[in-house]
Amino acid sequence: MRKSIHDLTTTRRGLLRGTLRAITGVTVAGALMPGIGSAAAKEGALCRDMVVGGASYTVCTIDLRTHEIKLSWKAPNGDPYGNLGTFARASQKVGVALSMAMNGGMYHPDGRPVGLYVEDGREITKANTARGPGNFHMKPNGVFFVTSTEAGVLETARFLKARPAALYATQSGPMLVIDGKLHPRFSASGPSLKMRNGVGVRDANTVVFAISNEVVSFGAFARLFRDELRCANALYLDGSISSLWAPGSSRQDEFWPVGPIVSAAPRAKSGAPLRAGR
């Protein structure tokens, strides 16, 4: 899929973090992401910092009654946006004031989504139910989707059976939380420690995105969603290249390459329901 990208970005992240720590005695989050630690105090910010089990996370809670969630992959010229900064600046040019953006799923080296990807109601890539190596294929994997009335996270098989009328959808894996239970292959604190980001759904109107500010295990990240964020279902989006763009919290990551991008922006004041459209 994109092992070479992960190897490269993991190495770059490790070298950068180590260099900064050696020079300044602080972490990458503190040195390169201004606002972490004070973001939660900003009035109206959708994202806040929290420490759970000794690990730091940034959590963004989106109310679908006030904000619209979309998925984006390619710019109008047909090229993938490639990173959050490029996407945010392109959005600003067309009058979209992003509240938040995050890498939204796994991708091939050319930026193409690995699994199901739906944008503006159009299925761009089909669901991937094949067996294989890596996190994406750690079954069950799942789909995060948004319809005209709600958002949800479902195991891939359940999504394909239910076929909700998704305006936006991204398949990734593994599932973190499944009907209130942790993924069966997670240990309490496994040996795989990565920067991670994911999405959970608290109810039909509330979507919760989280990104770790330091390396954590799958088990710790899943417990964050289930026990602290109260999400009965949650999906892993990616690791190592995990990135967040949250202007209201003074955080604007654009260091790492990304494929699909999930974003939130304020709804029109009319309060119209979610609908497809550019």
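Residues numbered from 1 in each chain as written. Predicted model: local features only at pLDDT ≥ 70, side-chain atom pairs only at ≥ 80, totals over all residues. Heavy atoms only, no water.

(A) Local environment of the packing of aromatic side chains. All chains considered together, the criterion is met by nine aromatic pairs. Judged by centre distance (4.9 Å) and plane angle (5 degrees), the ring pair of Phe186 and Phe218 falls under stacked. With Phe186 in the loop between strand S11 (181-182) and strand S12 (196-203) and Phe218 in helix H5 (residues 218-228), the pair connects residues that are 32 residues apart, well separated along the chain. There is no split in this pair, since Phe186 and Phe218 are both buried. (Phe/Tyr/Trp six-rings, centres within 6.5 Å; stacked < 30°, edge-to-face > 60°. Helix = DSSP H or I, 4+ residues; strand = E, 2+ residues; numbered from the N terminus. Buried < 20%, exposed > 50% of the residue type's maximum accessible area, 1.4 Å probe, protein only.)

(B) Quick look at the pattern of salt bridges. For the coordinates displayed, the defined rule picks out eight salt bridges. In this structure, Arg226 and Asp227 form a salt bridge, with 2.7 Å as the shortest nitrogen-oxygen distance. Judged by its relative accessible area of 42%, Asp227 falls in the partly exposed class. The partner of Arg251 in a salt bridge is Asp253, with the nearest N and O atoms 3.0 Å apart. Beyond isolated ion pairs, a larger network of salt bridges with shared partners links Glu155, Arg158 and Asp179. (Salt bridge = Lys/Arg side-chain N within 4 Å of Asp/Glu carboxyl O.)

(C) Representation of H5 in the model. Considered for burial, the residues of H5 that qualify are Phe218, Gly219, Phe221, Ala222, Leu224 and Phe225. With its phi angle positive at about 60 degrees, Arg230 sits one or two positions after the end of H5.

(D) Local environment of the sheet that holds strand S5 (residues 117-119). With antiparallel pairing, the five strands of this open sheet are ordered in space as S6-S5-S9-S7-S8. A single partner strand is all that each edge strand has here, and the edge strands are strand S6 (122-125) and strand S8 (151-155). Going from strand to strand, the sheet's axes swing by 20 degrees on average, the running direction of each strand aside. With five bridges connecting them, strand S7 (residues 142-146) and strand S9 (residues 168-172) associate as antiparallel partners. Bridge pairing in S9 links Gly142 to Ser172. (Pairing = 2+ DSSP bridges. Axes fitted to C-alpha atoms, helices over the stretch in contact; angles between N-to-C directions.)

(E) Region of interest: helix H3 (residues 84-93). Along H3, the positions that sit buried rather than exposed are Leu84, Gly85, Phe87, Ala88 and Ser91. Buried residues of H3, seen end-on, are gathered within an arc of 165 degrees and therefore sit on one face of the element. Contact partners of the buried residues in H3: strand S3 (67-72), strand S4 (100-103), strand S15 (244-246) and strand S17 (261-266). Sitting at the amino-terminal end of H3 is Asn83, which places a side-chain oxygen 2.9 Å from the backbone nitrogen of Gly85. Looking at the residues trailing H3, positive phi occurs at Gly95, about 85 degrees. (Arc of directions from axis to C-beta. Contact = heavy atoms within 4.5 Å. Polar contact = N/O pair within 3.5 Å; in protein donor to acceptor, adjacent residues only side chain to side chain.)

(F) Quick peek at the state of the cysteines. This model, assessed by the stated rule, comprises one disulfide. Here Cys47 pairs with Cys60 through a disulfide, and the sulfurs are 2.0 Å apart. Taking the torsion about the sulfur-sulfur bond, which here is approximately 105 degrees, the covalent link between Cys47 and Cys60 counts as right-handed. Taken together, the residues Cys47 in strand S1 (residues 47-52) and Cys60 in strand S2 (residues 55-63) connect sequence positions 13 residues apart. The burial state of Cys47 is the same as that of Cys60; both residues are buried. (Disulfide = S-S within 2.5 Å.)

(G) Just the environment of Glu68, in detail. Among the structural elements, Glu68 can be located in strand S3. On a C-alpha basis, the gap between Glu68 and Pro266 in space is 6.1 Å, while along the polypeptide they are 198 residues apart.

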